[in-house]
Amino acid sequence: MELKVSVTLQYTSSVKCQACRIQHPSFMKIKLFLIFLTGILLQVPFVSPAQHLSDAAKKLQCDLIVDACRHAWQGYMKDANGYDALMPISKKGQNWYSSSLVMTPVDAFDTFYLLKMKKEADEAKNLIFKDLSFRKDMEVQLFEVSIRFLGGLIASYELDGDPRFLNLAKDLGKRLLPAFKSPTGMPYRFVNLQTGKTRDPLSNPAEIGSYLLEFGKLTQYTGDSVYYKTAKKASFEVFTRRSRIGLVGTVIDVNTGNWINTESQIGARIDSYYEYLYKAWLLFGDKDCKAAWVASNDVIVKYLYTKTTKGAFFTRVDMNTGIETRPLYGALDAFYAGILTLSGNLALAENIQQGNTYMWAKFHMEPEEFNFRNDSVTSPGYALRPENMESCFYLYRATKDEQYLRMGKKMIDDILSKCKTTDGFAAVKDVRTMELEDSMESFFLAETLKYAYLIFAPESTLDLNQYVFTTEAHPLKIAK
Ligand code: DMJ
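Not measured: the values here are computed from a predicted model.

### Points about the site of the ligand
Phase 1 of the analysis: In the vicinity of the ligand, the contacting residues are Ile 147, Asp 271, Ser 272, Leu 332, Arg 385, Pro 386, Glu 387, Phe 443, Glu 447, Thr 471 and Glu 472.
Phase 2 of the analysis: Only helix H11 (271-284) and helix H17 (443-456) provide two or more residues apiece to the shell around the ligand.
Phase 3 of the analysis: For the shell around the ligand, the per-class residue count stands at four nonpolar, two polar and five charged.

What follows is the structure, given as structure tokens:
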């Protein structure tokens, strides 16, 4: 039924735009029948009608997203004011650690700034300077605190100019450095902000190699080279431990440098390690990082890239043999189409985005992970993640192809209609039943809504020649 509706709508626009070239009505009928048949045979998800989105429609979409940001923020302010995050169903606040680091305001400030939400930006700023302090005898997860707080605070400083953002970032940076004091220079996963005590040597490429951008900025603003050097050493300790065929695994012991889990993939626990190699080149012109990205991407494409009739996906293989372990793909993997676009691999990116779209349209929301060969869901939640939207944004910027506007619209419309609660937006426990979960991660405001807005907003809202987004979507300014 739904397929029929989509095809009918596609008919309307095909006739409109091709009328001058193809006049013969029976030819059109045959063509439409073939489109319909291909759709059924390949189960291609027709995301939405191929209609032109006018400037007025784009503006309307932006307004809807601003309203959604406001709704999420009002829920946080009402039920979770001063906490790290909102629990949107039980209408309470929750903290990640023993006391709050006011995570949501820090992660969200630059979104409010870019979306010109002055009142919300002021409220977030007041909360941050009233409540945020890193002078705490408290253990934090290095990776999460770096991408959400260092990235958030530095981007806020660069956009807004208030030096207090930068002072907080500098203070945090100093407190995170002890995490890297391991025999290999690869960081432990947890560090105490006051004592520098570390914990958990079993880490992964993402949690080891995602510091180049934020720590590079600390070096720029403190004049102390230790930050960038430390981050770069960590990333390259992973890179030099790649296998004979050039792949990295999922878990590594930072004390011994031995791989503990040799499954290679591009999603959870590896994703931003690759992302930062390329972005360190974009932000700082680091040629070593660019070379490491090129070498890594070549083998990812060689061993993991898998074309199917549904679109392309990245599979999972053993890092030593290149043999497939599990044909799993998921919400986090979806970011790779974006980094491929940025790095000029447009054809591959477009194929991957077809896979991303298939994954979303299949359930009208993507599962955390699914088996792309038999379409079975292996992890059913949707945590309000941004990666699919992020790739859509980069592809629309690069191609101006309206199919990406339609994909973005489909995704954000699904989220806004299905995840909205009275006091915010909730993650989904199972995309097959659409049961909601009591969580609104700060990256919903930091990333998902920001990328959604930027798909439809004028390019001048954020110029990609001047800024590089961190893995948490905090825009950092490219130094001249
Ligand atoms: C975010 O915290 C970052 O994008 C990270 O790199 C991956 N996970 C979440 C979003 O899904």
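### Quick word on the packing of helix H15 (residues 387-399) against helix H16 (residues 402-418)
Working note: a packed helix pair is described by the angle between its axes plus the distance between those axes.
Phase 1 of the analysis: Packing of H15 against H16 leaves a shortest axis separation of 9 Å and a crossing angle of 155°. If you check the angle between H15 and H16, you find them roughly antiparallel. For the element pair H15 and H16, the recorded crossing hand is left-handed. Residue-level contacts link Asn 388, Met 389, Cys 392, Leu 395, Tyr 396 and Thr 399 of H15 to Tyr 404, Leu 405, Met 407, Gly 408 and Met 411 of H16.
Phase 2 of the analysis: Residues of the contact of H15 with H16, tallied by class, amount to eight nonpolar, three polar and no charged.

### Focus: the sheet that holds strand E6 (residues 202-203)
Phase 1 of the analysis: The strand order across the open sheet built from three strands is E6-E7-E8, with neighbouring strands paired in antiparallel fashion. Every interior strand has two partners, whereas the edge strands, E6 and strand E8 (259-261), have only one.
Phase 2 of the analysis: Summarising the sheet, strand E7 (residues 251-253) and E8 pair through two bridges and their orientation is antiparallel. Residue pairing in the sheet places Ile 252 in a bridge with Trp 259 of E8.

### Topic: the pairing of strand E11 (residues 311-314)
Phase 1 of the analysis: Side chains Gly 311 and Phe 313 of E11 all project onto a buried face; the interleaved residues Ala 312 and Phe 314 project onto the opposite face, where all are buried too.
Phase 2 of the analysis: Pairing analysis gives four bridges linking strand E10 (residues 305-308) to E11, with the strands arranged antiparallel. Directly across from Tyr 305, in E11, lies its bridge partner Phe 314.
Phase 3 of the analysis: In this antiparallel pair of consecutive strands, E10 and E11, the connection spans two residues.

### Overview of the sheet that holds strand E15 (residues 369-371)
Phase 1 of the analysis: One open sheet holds the three strands; their spatial order is E14-E15-E16, and the pairing between them is antiparallel. If you trace the sheet from one side to the other, it starts and ends with strand E14 (328-330) and strand E16 (376-379), each paired once. Neighbour to neighbour, the strand axes of the sheet diverge by 35° on average, direction disregarded.
Phase 2 of the analysis: Judged from the three bridges that link them, E14 and E15 form a sheet pairing that is antiparallel. Bridge pairing in E15 places Gly 330 opposite Glu 369.

### Here's the deal with the packing of helix H6 (residues 142-160) against helix H7 (residues 163-176)
Phase 1 of the analysis: Contact geometry for H6 and H7: axes closest at 8 Å, N-to-C directions at 155°. What the angle tells us is that H6 and H7 run roughly antiparallel. Remark: the crossing between H6 and H7 carries left-handed chirality. Counting all contacts with H6, which are made through Leu 142, Val 145, Ser 146, Phe 149, Leu 150, Leu 153, Ile 154, Ser 156, Tyr 157 and Asp 160, the residues of H7 involved are Phe 165, Leu 166, Leu 168, Ala 169, Leu 172, Gly 173 and Leu 176.
Phase 2 of the analysis: Among the residues making up the contact of H6 with H7, the classes are represented as 13 nonpolar, three polar and one charged.

### Some words on the confidence of the model for the protein chain
Phase 1 of the analysis: Residues with a pLDDT of 70 or more make up 90% of the protein chain, whose mean pLDDT is 92.
Phase 2 of the analysis: Predicted confidence is poor over residues 38-47, with pLDDT under 50, and the contacts of this stretch with residues over four places away or in other chains come to 20 contacts.

### Looking at the nonpolar core
Phase 1 of the analysis: Ala 72, Leu 153, Ala 169, Ala 280, Met 440 and Ile 455 are the most contacted members of the largest nonpolar core, which totals 142 residues.
Phase 2 of the analysis: In this structure, Ala 72 is in contact with Gly 424, Phe 425, Met 440, Phe 444 and Leu 445, ignoring residues within four places of it in sequence.

### Focus on unusual backbone geometry
Phase 1 of the analysis: Unusually for a residue other than glycine, Asp 200 sits at a positive phi of about 75°.
Phase 2 of the analysis: Along the chain, Asp 200 turns up in the loop between strand E5 (198-199) and E6.
Phase 3 of the analysis: We classify Asp 200 as partly exposed; it has 15 C-beta atoms within 10 Å.

### Re helix H12 (residues 287-303)
Phase 1 of the analysis: The end-to-end C-alpha separation of H12 is 25 Å, in line with the 24 Å expected for 17 residues at 1.5 Å each.
Phase 2 of the analysis: Of all the residues in H12, the buried ones are Cys 289, Ala 292, Trp 293, Ser 296, Asn 297, Ile 300 and Tyr 303. The buried residues of H12 occupy one face: seen down the axis, they fall within an arc of 140°. Exposed and oriented more than 90 degrees from the buried face of H12 are Lys 287, Asp 298 and Lys 302.
Phase 3 of the analysis: Check the buried side of H12 and you find it contacts helix H9 (212-222), helix H10 (226-240), H11, E10, E11 and strand E12 (316-318).

Criteria and cut-off values
Residues numbered from 1 in each chain as written. Predicted model: local features only at pLDDT ≥ 70, side-chain atom pairs only at ≥ 80, totals over all residues. Near = placed C-beta within 6 Å. Helix = DSSP H or I, 4+ residues; strand = E, 2+ residues; numbered from the N terminus. Nonpolar A, V, L, I, M, F, W, Y, C, P; charged D, E, K, R; others polar. Axes fitted to C-alpha atoms, helices over the stretch in contact; angles between N-to-C directions. Parallel < 35°, antiparallel > 145°, perpendicular 65-115°, else oblique. Left-handed = near helix turned anticlockwise from the far one by under 90°. Contact = placed C-beta atoms within 7 Å. Pairing = 2+ DSSP bridges. Buried ≥ 20, exposed ≤ 12 C-beta atoms within 10 Å, placed from the backbone. pLDDT = per-residue confidence, 0-100. Core = buried A, V, L, I, M, F, W, Y, C linked by C-beta atoms within 7 Å. Expected span 1.5 Å × (residues − 1). Arc of directions from axis to C-beta.

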